[in-house]
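The lines below spell out each chain.
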Amino acid sequence: MNFLFYISALVAVISTVLVITRTNAVHALLYLIVSLLAVALIFFALGAPFVAALEVIIYAGAIMVLFIFVIMMLNLGGQAAKQEAQLFTPGIWIGPSILIMVLAAELIYLFAMGRERLSAGAEVSPKEIGIALFGPYVIGVELASMLLLAGLVGAYHLGRPHRHSKIEGSDA
Amino acid sequence: MMATVPMEHGLILAALIFALGFVGVLVRRNIVFMLMSIEIMLNAVGIAFVVAGARWAQPDGQIMFIFILTMAAAEVSVGLALVIQLYHNLKTLDADAANSMKG
């Protein structure tokens with residue numbers, strides 16, 4: 001099962017190189033999502049299925065959606081419409097598609113192999129993680145909740161309407 | 001028993017991806033790309049933790065990854081709010097445009 005790790009690692013490195021060399025933010029995001037999915041497969045191959053699922057749901061899901069929201073919100077002038085037209089030309093999506101097909105082939109291979117050969121090393125089950133997370137690491141969970149609250153308040157404060165509206169508005 | 005991936009290879013991969021993210025932060029001047037590179041670096045650190053956790057078959061590495069994930073979510077929400085503020089104030093995404101502090 002080692003080769004699954006190495007193929008995913010290769011895909012992750014290639015797509016990461018492509019992320020930092022793109023000039024278009026949306027193209028870079030496509031490659032970044034491929035990179036994160038490759039890392040999720042690496043976690044799967046290393047015997048960490050719970051973290052692999054978290055990587056897909058939170059990183060490739062929630063955090064990337066935030067990035068896409070902001071890039072679409074900024075809507076960088078006239079070039080945005082041109083980008084939209086470009087998105088339908090094959091040159092843009094063929095690269096991420098090929099890389100993601102490699103990952104999909106690995107995933108199909110994994111399911112074809114059967115459940116008992118999914119991971120290379122010893123697998124750490126979600127149950128063990130939960131027991132450790134709410135046992136010795138419970139103070140970390142409390143601190144994470146405070147960090148998230150601080151992030152929420154900070155993002156709300158920074159995302160408020162512009163300062164000029166303070167003169168006539170009632171918000172302090 | 002199947003052969004497992006050596007820990008060194010996982011750590012080399014983590015170092016490689018971290019270096020790529022670091023180069024991204026240094027080279028790119030578009031602030032959205034700099035945020036993406038920071039995400040790449042955080043992810044690389046997460047790989048290192050999970051590789052180490054898999055080496056000793058302990059849940060601690062994965063727990064540290066969950067904390068990194070939480071931190072990344074908080075960081076990216078504040079960071080993107082700052083990007084929007086920068087764009088509204090300066091009408092550009094160039095990080096060098098914000099080099100002067102005017103009270």
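Note that the structure is a prediction, hence the values are computed from the model and not measured. (Residues numbered from 1 in each chain as written. Chains lettered and ligands numbered in written order. Predicted model: local features only at pLDDT ≥ 70, side-chain atom pairs only at ≥ 80, totals over all residues. Heavy atoms only, no water.)

## Considerations on the overall build of chain A
Along chain A, the regular secondary structure elements total 7 helices and 0 strands. Reading the helices (α) and strands (β) of chain A from amino to carboxyl end gives α-α-α-α-α-α-α. Within the span of chain A, comprising 172 residues, buried residues form 38% of the whole. Counting every atom, chain A has about 9500 Å² of accessible surface; 74% of that belongs to carbon and sulfur. (Helix = DSSP H or I, 4+ residues; strand = E, 2+ residues; numbered from the N terminus. Buried < 20%, exposed > 50% of the residue type's maximum accessible area, 1.4 Å probe, protein only. Areas by Shrake-Rupley, 256 points an atom, 1.4 Å probe, with all protein chains shown as cover.)

## Remarks on the nonpolar core
Formed by 71 residues in total, the largest nonpolar core has its most connected members in Phe43(A), Tyr59(A), Phe67(A), Leu13(B), Ile17(B), Met36(B) and Ile47(B). Residue contributions to this core peak at 15 residues, all from helix H2 (residues 25-45) of chain A. Apart from the residues within four sequence positions on either side, Phe43(A) is in contact with Ala48(A), Val51(A), Ala52(A), Glu55(A), Gly46(B), Ile47(B), Val50(B) and Phe65(B). (Core = buried A, V, L, I, M, F, W, Y, C linked by side-chain atoms within 4.5 Å. Contact = heavy atoms within 4.5 Å.)

## Quick word on the environment of Met72(A)
Tracing the backbone shows Met72(A) in helix H3 (residues 49-74). Spatially, the C-alpha atom of Met72(A) lies 38 Å from that of Val138(A), the residues being 66 residues apart in sequence.

## Structural notes on helix H1 (residues 7-27) of chain B
A rise of 1.5 Å per residue sets the reference length of H1(B), with its 21 residues, at 30 Å; its end C-alpha atoms lie 30 Å apart and thus fit the reference within 8%. Here the buried face of H1(B) lies against helix H1 (2-21) and H2 of chain A together with helix H2 (31-55) of chain B. (Expected span 1.5 Å × (residues − 1).)

## What about the packing of H2(A) against H3(A)?
Residues and elements named next belong to chain A. Remark: H2 packs on H3, axes separated minimally by 8 Å, with the N-to-C direction vectors making an angle of 170°. What the angle tells us is that H2 and H3 run roughly antiparallel. Residues Ala25, Val26, Leu29, Leu32, Ile33, Leu36, Leu37, Val39, Ala40, Phe43 and Phe44 of H2 lie in contact with H3, whose contacting residues are Pro49, Val51, Ala52, Glu55, Val56, Tyr59, Ala60, Met64, Phe67, Ile68, Ile71 and Met72. When its residues are assigned to classes, the contact of H2 with H3 shows 22 nonpolar, no polar and 1 charged. (Axes fitted to C-alpha atoms, helices over the stretch in contact; angles between N-to-C directions. Parallel < 35°, antiparallel > 145°, perpendicular 65-115°, else oblique. Nonpolar A, V, L, I, M, F, W, Y, C, P; charged D, E, K, R; others polar.)

## Here we look at empty space enclosed by the protein
One pass over the full model with this rule turns up 2 cavities of 30 Å³ or more. Estimates place the volume of the largest cavity at around 40 Å³. Around the largest cavity sit Leu32(A), Ser35(A), Leu36(A), Met64(A), Ile17(B), Glu39(B), Ile40(B) and Asn43(B), which together line it. Secondary-structure elements contributing two or more residues to the lining of the largest cavity are H2 of chain A together with H2 of chain B. Taken together, the residues that form the lining of the largest cavity break down as 5 nonpolar, 2 polar and 1 charged. (1 Å grid on protein atoms, 1.4 Å probe; cavity = no way out; pocket = protein on both sides within 12 Å on 5 of 7 lines; lining within 4 Å. Points joined across faces, edges and corners; volume = space filled by probe spheres on them.)

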